[in-house]
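The chain contents come next:
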Amino acid sequence: MDNQKYITIDGIKLPIENERNVLELVRKADIEMPTFCYHSELSVYGACRLCVADIEGMGIQTTCSTPPRDGMIVSTNTAEVRQIRKVNLELLLANHDISCPTCARSNNCKLQDLTRRLGITKSRFKKTDKVHPVDRKSRSIIHDPNKCVLCGDCVRVCKEIQTVGAIDFVQRGSNTTVGPAYGKSLADVECVYCGQCVRACPVGALTPRPETEEVWKAIHDKTKTVVVQVAPAVRVAIGEEFGLEPGTVSTGQMVAAMKRIGFDQIYDTSFAADLTVIEEATEFITRKLKGEKLPQFTSCCPAWVKFTEQYYPELLGNLSTCKSPQQMFGSLAKEILPAILKIRKEDLVVVSVMPCTAKKFEAKRDEFYKDEMADVDHVLSTEGLSKMIAEMGIQFAKLAPESFDLPLGFKTGAGVLFGNSGGVSEAVLRFAYEKLTGETLSKVDFKMVRGKEGIRIADLELGKVKLKLAVVHSLANARQICEEIKIGNSEYDLIEVMACPGGCVNGGAQPVSFDPDYLEKRTKGIYSCDKQLQLHKSQENPYVKEVYQQVLGEVGGHKAHELLHTHFTGRQRIKNQTINIRNTQHPKIEVCVCVGTNCYNKGAHKILKKMMKYVSENKLEDRVGFEGHEDMVDVKATFCFECCERGPVVRINNKIIEHADYAKAKEVLDQEIFVYGELMEK
Amino acid sequence: MENTLLDEVFIEANVKTRQFEKVIEIVEKYKFQKSRLITILQEVQEEYRYLPQEVLTFLATALDMPVAEIYGVATFYAHFSLEAKGKYVIKVCNGTACHVKGSMKLVNALFKKLKLNENKHTTDDMMFTLETVSCLGACGLAPVMVVNESIYGQVGDKKVNEIIDSIIEAEGGAK
Ligand code: SF4
Ligand code: SF4
Ligand code: FES
Ligand code: FES
């Protein structure tokens, strides 16, 4: 009667619904099919060939790239299939350096897991003897190509989910590796350190940079007082490293474990998130009422911030000037804790525990140093903290819960929501509602901003003010929104962006989970934290109020600006790339035209072309009146002077010309030639 | 007299400038289309005889694609070279026939003669570049070596030294 289509897998008959490939159905039959290169949210690559099965009439096929058809009969464990799978895995092993005991991913490596599962005890293939250098230069991520199995997951995540494309397959044949252009380090390219590649890597080829040794050292140093702040998303994931379900709220155990490790004070980044809400919402309301610089983007995700600096400098003015909670915490801690803890500022060490690889980079940004002292000294990843706990042999799950220290450990539910995509918006709404309507908000949940879709739009009216919000996660979606704004197609007032799909709970420094529902579970965990707390609105946090009274003064005021706000500028995508166009031997004057993307899009190459022509066709030496100066002007092209908002940019000797055009540049060049002539005269 | 020399410097710089002008013209000709990447790379390589890194970065900007992707493509095809090559490009065949007839011995002789090694393919004076290729289609003459357009067969130790020496001499003596 019906058109229901069926497939048979290992003798089990299953209805075909909307599955895109046989693999999804195999999983529905409760068979954990080995896969290395398949991720449901990415394009299909079909390279590892571990997901093979025998399909009647079609022979051996990779199930991840075969669409299901009615009447298909699939066997996942014939002798031939098993044989192929084993050989493929052995080949992967031959490409791998098998340094399991010392590997950061030893406890959750797909390769190790499958080797064990398929009962492989040795690889019969000759190991490649090439040793690649390990890239340890970036603050966020360590890349060890010797462990790479070339599954390409990271490449596709970076390109498809984040639209960054910092890494790709390079070279060919047996020399193939994955990495940035020109063999550069991740530190020197457009990588935004979101860590989504780390999360995707099935082995230990991409891992968060550990900072555990630096932290241990500070703890062991008796002259130092080490305080730690913990981000919201950590508490719903760290338990996974100790056998708990994803999403289990283990705040109390986590605090207890950190006390045992020896941190002197244990605080909560959510406290700083409450501060962020007040500052950022106030900034937003001011902009909205004045009709200025809208839409306002959130700025608490450092990967998103770097992304904007690189790709959308013209939108930097739309970013909230608020520092992220991590950095607000850092500057406030360095300002007030020495007096509270009765120590010298030099002896205070601020550590943070973050679900995020980009936070490690953020803490080292120049703006976040004061008097050569970092606001946040060390950033541990969630998995880094769990390693410290494991090293001590602490039985995490058995610990009696303990609570955060005051005052910086006190938070409202709004501050904890920052861990989820949609959380910042919801927290801001809880504040803006009361500000704009003058009423007390009784039902605090704003369900319209919650959910899974990559772009969620909410229209609402607070008092007389109509608001249009967008909640965006993953940078591909952020790019889409930015493009809409660029062509003038946007009516948004506030846009929340988190680079990681799902938000910080899915950050690159979280434990890697193989549970298919880990993300939903962690998200739920965050909402349940909010529920469990007594207070849900940042403006009700008594300690935040106290900080305003005693230290910060007015919201958005002078002191608040000094401690809690920052600024952003255009950023180079790739370091050390200058085209020596004329390659002059003894240049007297240097003309350097920026052809970075932003200047390029504003026509920089046309300026360059005309300047090249001018210099080539005119014997500029005649102006100086001295012989031997034929080749006096050198022309170069460079990529980004980091002031893209004011592009196109041309530099002539040390004169920077912003909003340049050919006429302006030529005028300055002529002037420089004249000045040089005068100089020679003397 | 002196003036001519300096004029030459000016001309030389102009030639270099012209090369880069050509790059801009090439991307303009193909209307900044990513789909023409391979053709664009080919034409740019004709200008420079290789693909300079910075020029690749420029192309990535002009074609609006990640640098890593363009680098990936450029390193995937053997036809493209990311290294500046010497004036004389020596290709030694390491196909089966040549291998059997001792082409690796030939390579080693050239390594020694030109002070090159596995990782250094071009001499410091930018005179010679040494490459190995798989089968030049002249197996009857194994081991075979090609210098720019000239083919040499059955090259032994003595012969290889003679060939190189005669080039160096033609170029105005050893450095
Ligand atoms: S950290 Fe993010 S931007 Fe950097 S390579 Fe990985 S996925 Fe790409
Ligand atoms: S680094 Fe990891 S994710 Fe990327 S290709 Fe290698 S094994 Fe796969
Ligand atoms: S998972 Fe199907 S080929 Fe890799
Ligand atoms: S692209 Fe950044 S200054 Fe030109």
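Predicted model only: the values in this text are computed from it and were never measured.

Conventions we followed
- Residues numbered from 1 in each chain as written.
- Chains lettered and ligands numbered in written order.
- Predicted model: local features only at pLDDT ≥ 70, side-chain atom pairs only at ≥ 80, totals over all residues.
- Heavy atoms only, no water.
- Helix = DSSP H or I, 4+ residues; strand = E, 2+ residues; numbered from the N terminus.
- Buried < 20%, exposed > 50% of the residue type's maximum accessible area, 1.4 Å probe, protein only.
- Polar contact = N/O pair within 3.5 Å; in protein donor to acceptor, adjacent residues only side chain to side chain.
- Expected span 1.5 Å × (residues − 1).
- Contact = heavy atoms within 4.5 Å.
- Near = heavy atom within 4 Å.
- Nonpolar A, V, L, I, M, F, W, Y, C, P; charged D, E, K, R; others polar.
- Pairing = 2+ DSSP bridges.
- Axes fitted to C-alpha atoms, helices over the stretch in contact; angles between N-to-C directions.

### Topic: the environment of Lys224(A)
Residue and element names in this part refer to chain A.
For step 1, the next point in the chain: With respect to the helices and strands, the residue Lys224 is situated in the loop between helix H6 (212-220) and strand E10 (225-230).
For step 2, the next point in the chain: Judged by its relative accessible area of 28%, Lys224 falls in the partly exposed class.
For step 3, the next point in the chain: A C-alpha to C-alpha distance of 4.7 Å links Lys224 and Asp347, two positions 123 residues apart in sequence.
For step 4, the next point in the chain: In terms of polar contacts, Lys224 uses its side chain to reach the backbone carbonyl oxygen of Glu346, at 3.3 Å.

### Observations regarding unusual backbone geometry
Residue and element names in this part refer to chain A.
For step 1, the next point in the chain: In the segment running from Leu406 into Pro407, the intervening peptide bond is cis, with an omega of 5°.
For step 2, the next point in the chain: Looking at the element boundaries, Pro407 is found in the loop between helix H12 (382-392) and helix H13 (413-417).
For step 3, the next point in the chain: Residue Gly647 is joined to Pro648 through a cis peptide bond whose omega torsion reads -5°.
For step 4, the next point in the chain: Assignment of secondary structure puts Pro648 in the loop between strand E22 (633-638) and strand E23 (650-652).
For step 5, the next point in the chain: Notably, Lys293 is not glycine yet its phi reads approximately 40°, a positive angle.
For step 6, the next point in the chain: Residue position: Lys293 is located in the loop between helix H8 (269-290) and strand E12 (296-297).
For step 7, the next point in the chain: For Glu372, which is not glycine, the phi torsion reads 60° and is therefore positive.
For step 8, the next point in the chain: By the element assignment, Glu372 lies in the loop between strand E14 (369-370) and strand E15 (373-374).

### Structural notes on helix H16 (residues 518-532) of chain A
Residue and element names in this part refer to chain A.
For step 1, the next point in the chain: In this model, H16 (15 residues) spans 21 Å end to end at C-alpha, consistent with the 21 Å of a helix rising 1.5 Å per residue.
For step 2, the next point in the chain: Among all positions of H16, only Tyr518, Arg522, Gly525, Ile526, Tyr527, Cys529 and Asp530 are buried.
For step 3, the next point in the chain: Packed against the buried residues of H16 are helix H5 (196-200), H13 and helix H14 (423-437).

### Brief notes about the site of ligand 2
For step 1, the next point in the chain: As a structural note, the neighbourhood of ligand 2 is formed by 13 residues, with Cys148(A), Cys151(A), Gly152(A), Cys154(A) and Cys201(A) the closest of them.
For step 2, the next point in the chain: Among the residues forming the shell around ligand 2, the class breakdown is 11 nonpolar, one polar and one charged.

### Some remarks on the sheet that holds strand E2 (residues 12-16) of chain A
Residues and elements named next belong to chain A.
For step 1, the next point in the chain: The strand order across the open sheet built from five strands is E2-E1-E5-E3-E4, with neighbouring strands paired in mixed fashion. At either end of the open sheet lies a strand with only one pairing partner, and these are E2 and strand E4 (59-62). Averaged over all pairs of adjacent strands, the angle between their axes in this sheet comes to 35°, without regard to strand direction.
For step 2, the next point in the chain: Strand direction decides the pairing type here: strand E1 (residues 5-9) and E2, joined by five bridges, are antiparallel. Of the residues in E2, the one forming a bridge with Ile9 is Ile12.
For step 3, the next point in the chain: On top of the sheet, helix H2 (residues 79-94) reaches strand E3 (52-55), E4 and strand E5 (72-75); it is set at about 160° to E3, its chief contact.

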